[in-house]
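Report on the structure
Listed here are the chains, written in short residue letters.
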Amino acid sequence: MRHTDHVTITSARCIGWLSHALAGKFEMANERQYLMTLLQSADAIEQDAERLLRQIHMCSVADPPLATRISVCLEETIRHRDSISHCIGRIEGDENSPQVQTQNLPASVETGIEASQESLDASLTELYREANRGIAFYTSVVVAAEAGGFFETRLVCDAILSQKSSMANWLSDLVRQ
């Protein structure tokens, strides 16, 4: 083997390795970008859920256990938004991610607006649909986080997925009644 043949083979190997490494970085950048897009969409989904839960919470709910459960779901949703915000900040490399802006909850449900049972039922049905949409969505976020190697984000989204499933099961029983 001549020296020039060895250089050519070595150069070809280096180019092959470099192109493979660059393809991996490009793929990783796309996975990161895709996950960021999903997390931004997750924040929008949580904003919609928060809006709906606040709307239900502000209505006078004659059933105290229902009012309490709605308050718990609202607090969870606010925590979800905060967790997602931290995931976005961590992926972007910003450890000081902004806190989610929220309004304070009213001290009691009795101060809310009187709502008809039909209106409450419609809102609960919409909340049930939102919870199921969230389950489908967070399932894909978990897969994307896992594929991209963002394991902390995966754990956060797994926890949110579990809470969404719990809320959907509870709402399923409530909506069928």
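Residues numbered from 1 in each chain as written. Predicted model: local features only at pLDDT ≥ 70, side-chain atom pairs only at ≥ 80, totals over all residues. Heavy atoms only, no water.

Another point: the state of the cysteines. Tallied over the full model, the rule gives zero disulfides. Free of any disulfide, Cys157 has its nearest cysteine sulfur in Cys87, 5.5 Å distant. Residue classification places Cys157 among the buried positions, given a relative accessible area of 0%. (Disulfide = S-S within 2.5 Å. Buried < 20%, exposed > 50% of the residue type's maximum accessible area, 1.4 Å probe, protein only.)

All right, on to the nonpolar core then. With 37 residues, the main nonpolar core has Leu35, Leu39 and Ile70 as its most contacted residues. Broken down by secondary-structure element, the contributors of at least two residues to this core are helix H1 (3-58), helix H2 (64-92), helix H3 (117-148) and helix H4 (151-176). Discounting residues that sit within four places of it in the chain, Leu35 has contacts with Ile91, Val141, Ala144, Ala145, Phe150 and Thr153. (Core = buried A, V, L, I, M, F, W, Y, C linked by side-chain atoms within 4.5 Å. Helix = DSSP H or I, 4+ residues; strand = E, 2+ residues; numbered from the N terminus. Contact = heavy atoms within 4.5 Å.)

As a further point, take the pattern of salt bridges. Per the stated rule, a full pass over the model turns up ten salt bridges. The salt bridge involving Arg133 is made with Asp48; its shortest N-O contact spans 3.8 Å. You can see Arg133 sitting in helix H3 and its partner Asp48 sitting in helix H1, a full 85 residues away along the chain. On the basis of relative accessibility, which here comes to 40%, the residue Arg133 falls in the partly exposed class. Residue Asp48 is classed as partly exposed on the basis of its relative accessible area, which comes to 30%. (Salt bridge = Lys/Arg side-chain N within 4 Å of Asp/Glu carboxyl O.)

Further remarks concern the packing of H2 against H4. Axis separation between H2 and H4 bottoms out at 10 Å; the angle between their running directions is 160°. When the axes of H2 and H4 are compared, the pair comes out roughly antiparallel. Where H2 crosses over H4, the two elements pack in a sense that is left-handed. Residue-level contacts link Leu66, Arg69, Ile70, Cys73, Glu76, His80, Ser83, Ile84, Cys87, Arg90 and Ile91 of H2 to Glu152, Thr153, Val156, Ile160, Gln163, Lys164, Ser166, Met167, Trp170 and Leu174 of H4. Split by residue class, the contact of H2 with H4 holds eleven nonpolar, five polar and five charged. (Axes fitted to C-alpha atoms, helices over the stretch in contact; angles between N-to-C directions. Parallel < 35°, antiparallel > 145°, perpendicular 65-115°, else oblique. Left-handed = near helix turned anticlockwise from the far one by under 90°. Nonpolar A, V, L, I, M, F, W, Y, C, P; charged D, E, K, R; others polar.)

Moving on, we get to the environment of Ile70. In this structure, Ile70 sits in helix H2. Assessed through its relative accessible area of 1%, Ile70 is described here as buried. On a C-alpha basis, the gap between Ile70 and His57 in space is 6.4 Å, while along the polypeptide they are 13 residues apart. Not counting the four nearest positions on each side in its chain, Ile70 is found in contact with Leu53, Ile56, His57, Leu124, Leu127 and Trp170.

Quick look at the packing of H2 against H3 now. Where H2 contacts H3, the two axes come as close as 14 Å, and the packing angle between them is 35°. The handedness of the crossing between H2 and H3 is left-handed. The residues of H3 that touch H2, namely those facing Leu66, Ile70 and Ile84, are Leu120, Leu124, Leu127 and Tyr138. Its residues assigned to classes, the contact of H2 with H3 comprises seven nonpolar, no polar and no charged.

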